[in-house]
2 protein chains.
Amino acid sequence: MSIPAPTVYVVDDDVSFLTAVARLLRAGGYAVKLYSSADAFVKDPPPEPVGCVIVDLHMPGMDGMELQEVLARSSSPLPVIFLTGHGDIATSVHAMRKGAEDFLTKPVNREKLFEAVQRALVRNALQRAAGARDRELRALYETLTPREREVMTHVVAGRLNKQIAADIDAAERTVKAHRASIMAKLRVQSVADLVRLSQSLGL
Amino acid sequence: MSIPAPTVYVVDDDVSFLTAVARLLRAGGYAVKLYSSADAFVKDPPPEPVGCVIVDLHMPGMDGMELQEVLARSSSPLPVIFLTGHGDIATSVHAMRKGAEDFLTKPVNREKLFEAVQRALVRNALQRAAGARDRELRALYETLTPREREVMTHVVAGRLNKQIAADIDAAERTVKAHRASIMAKLRVQSVADLVRLSQSLGL
DNA sequence: CCGTGTTCTGCACCAAAGGACAATAGCGGG
DNA sequence: CCCGCTATTGTCCTTTGGTGCAGAACACGG
């Protein structure tokens, strides 16, 4: 398996600024990819969501805030750092509330930029790790049949086999069979593990 | 039991502004309490943390950011709304990252202020509800003896009674006794409930 | 010294969970 | 029509969990 290098995706319609920021980041040892518009980024998204996005607020077509919205909607783990020349406090507050990693102003301070990128990359790594675990668990859960999921909710609720049997109108033996199948498919050894797994899945 | 009315605590060293904001809020139907410094607020804190805090950034003595820090450190459920005349983007970003509810500028827009306060009060209610549940559970957990807590960690880990017995070097019957005591004290009916409870406690 | 709470344990009994082995039945594809 | 998957249920046996009843050791405070 290849380990993809974290990449800083810079999106700005001001090409001279774009190249300046790119030079700065490359000098800092970061892999950089440039886009001259948010639309271009959306149309040609990164193959692996490893890294972060630095985006200008005001751009022709889709603006920075909209790009952030698109990323959020697609549950992308790429943190967004805003970098704009005409930002105001209200806008920065709104962006931060929407989950932006940082909100910087042009001309950008080299230290601040690197700090923001560093934080963003850490956050990205954490997000991806959490997301990966989540997908694994969901994949296991997907293998359950409808009936098994039904039984699982009862088991997680702490109900006894005979109670579950009565609830779903089946024999206790049937519940035991489903139960065993659930534990095997989800690869858990105890009800305690099963409960935690269901919590992780948000059930 | 009395239901305390949500109160908006306004902290600003500019007394004329303080009274103006107070008048505005009172006209909006909010209970208001005024402080002319953050130190005054800290020395004479609200008896019930029901409401929110509106605080100026720049003040003699403790400033707004420090006050936010104090509230966070004491796990206060009172959200903080900054309201300042000399704020910049970097400061607002920092404040939001620290968990501020909003960051407004003077002169304040009446609508924006009311919206912020409303959001803050909702958040406060949710925080208090969550905090109350948390304290109840913690109080129950406190009643457990050291030995019972030890057994509980093993039970929550999904270990069998005989395994637990071996681990803590005791008879299986002893583990059963502790286990029964745990379930009774924490008022749970099943291992599933116990696991969820321990998750809520962050164990 | 005595009472209280904690910890520990034994025996017996019953309820619940789980595994082994097996069988029946419906349903959708190949 | 047969295969595979799902769902269902049965019996038998073992392991595990839970409870009632009871006793003993220890520490701590009144």
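Summarised in this report is the structure supplied together with it. Just so it is clear, the model here is predicted, and its values are computed rather than measured. (Residues numbered from 1 in each chain as written. Chains lettered and ligands numbered in written order. Predicted model: local features only at pLDDT ≥ 70, side-chain atom pairs only at ≥ 80, totals over all residues. Heavy atoms only, no water.)

Following K106 of chain A, the chain continues to P107 of chain A via a peptide bond in cis, the omega torsion being -5°. At D169 of chain A, a position not held by glycine, the phi torsion is positive, near 55°. Within the element layout of this structure, D169 of chain A appears in the loop between α7 (161-168) and α8 (172-185). What makes D169 of chain A exposed here is its relative accessible area of 68%. Even without glycine at this site, S75 of chain B takes up a positive phi of about 55°. Since its relative accessible area comes to 61%, S75 of chain B is described here as exposed. (Helix = DSSP H or I, 4+ residues; strand = E, 2+ residues; numbered from the N terminus. Buried < 20%, exposed > 50% of the residue type's maximum accessible area, 1.4 Å probe, protein only.)

As a further point, take the pairing of strand β4 (residues 80-84) of chain B. Residue and element names in this part refer to chain B. Counting buried residues in β4 gives 5 out of 5 residues, a clear majority hidden from the surface. Burial along β4 is two-sided: the face carrying V80, F82 and T84 and the face carrying I81 and L83 are both buried. As judged from the 3 bridges shared by strand β3 (residues 51-55) and β4, these two strands associate in the parallel manner. Across the sheet, residue I54 finds its bridge partner in β4, namely I81. After leaving β3, the chain enters helix α3 (residues 64-73) and then returns to the sheet as β4, a path that is right-handed. (Pairing = 2+ DSSP bridges. Right-handed = clockwise from strand over helix to strand, strands pointing away.)

A few words now on the protein's contact with DNA strand D. Near DNA strand D, the surroundings consist of 16 residues, among which T145, R147, T174 and H178 of chain A together with R173 of chain B are the closest. Take the atoms of DNA strand D that sit within 4 Å of the protein: sugar and phosphate atoms are 59% of them. Between a phosphate oxygen of DNA strand D and a side-chain N or O atom of T174 of chain A, the distance comes to 2.5 Å. The side chain of H178 of chain A places a nitrogen or oxygen atom 2.7 Å from a phosphate oxygen of DNA strand D. At the level of elements, α6 (146-156) and α8 of chain A together with α7 (161-167) and α8 (172-186) of chain B are the ones that each hand at least two residues to the surface near DNA strand D. Residue composition of the surface near DNA strand D, grouped by class: 6 nonpolar, 4 polar and 6 charged. (Near = heavy atom within 4 Å. Polar contact = N/O pair within 3.5 Å; in protein donor to acceptor, adjacent residues only side chain to side chain. Nonpolar A, V, L, I, M, F, W, Y, C, P; charged D, E, K, R; others polar.)

The subject of this paragraph is the relation of the copies chain B and chain A. Taken as rigid bodies, chain B and chain A are interconverted by a rotation of 180° and an axial shift of 0.0 Å, the fit giving an RMSD of 0.1 Å. Both copies of the chain, as the preceding transformation shows, are related through a two-fold rotation axis. Taking C-alpha positions as reference, the residue of chain B nearest the rotation axis is I89 of chain B, located at 2.6 Å. (Least-squares fit on C-alpha atoms with pLDDT ≥ 70 in both.)

Okay, the sheet that holds strand β3 (residues 51-55) of chain A next. All names here are of chain A. Judged by pairing direction, the sheet is parallel, and its 5 strands sit side by side in the order β2-β1-β3-β4-β5 without closing on themselves. A single partner strand is all that each edge strand has here, and the edge strands are β2 (31-35) and β5 (102-105). In this sheet, neighbouring strand axes are inclined to one another by 20° on average, regardless of whether the strands run parallel or antiparallel. Across 5 bridges, strand β1 (residues 7-11) lies against β2 in parallel orientation. Across the sheet, the residue bridging to V10 is L34, located in β2. Its contacts with the sheet place helix α3 (residues 64-73) against β1, β3 and β4 (80-84), and it is angled at close to 175° to β4. (Axes fitted to C-alpha atoms, helices over the stretch in contact; angles between N-to-C directions. Contact = heavy atoms within 4.5 Å.)

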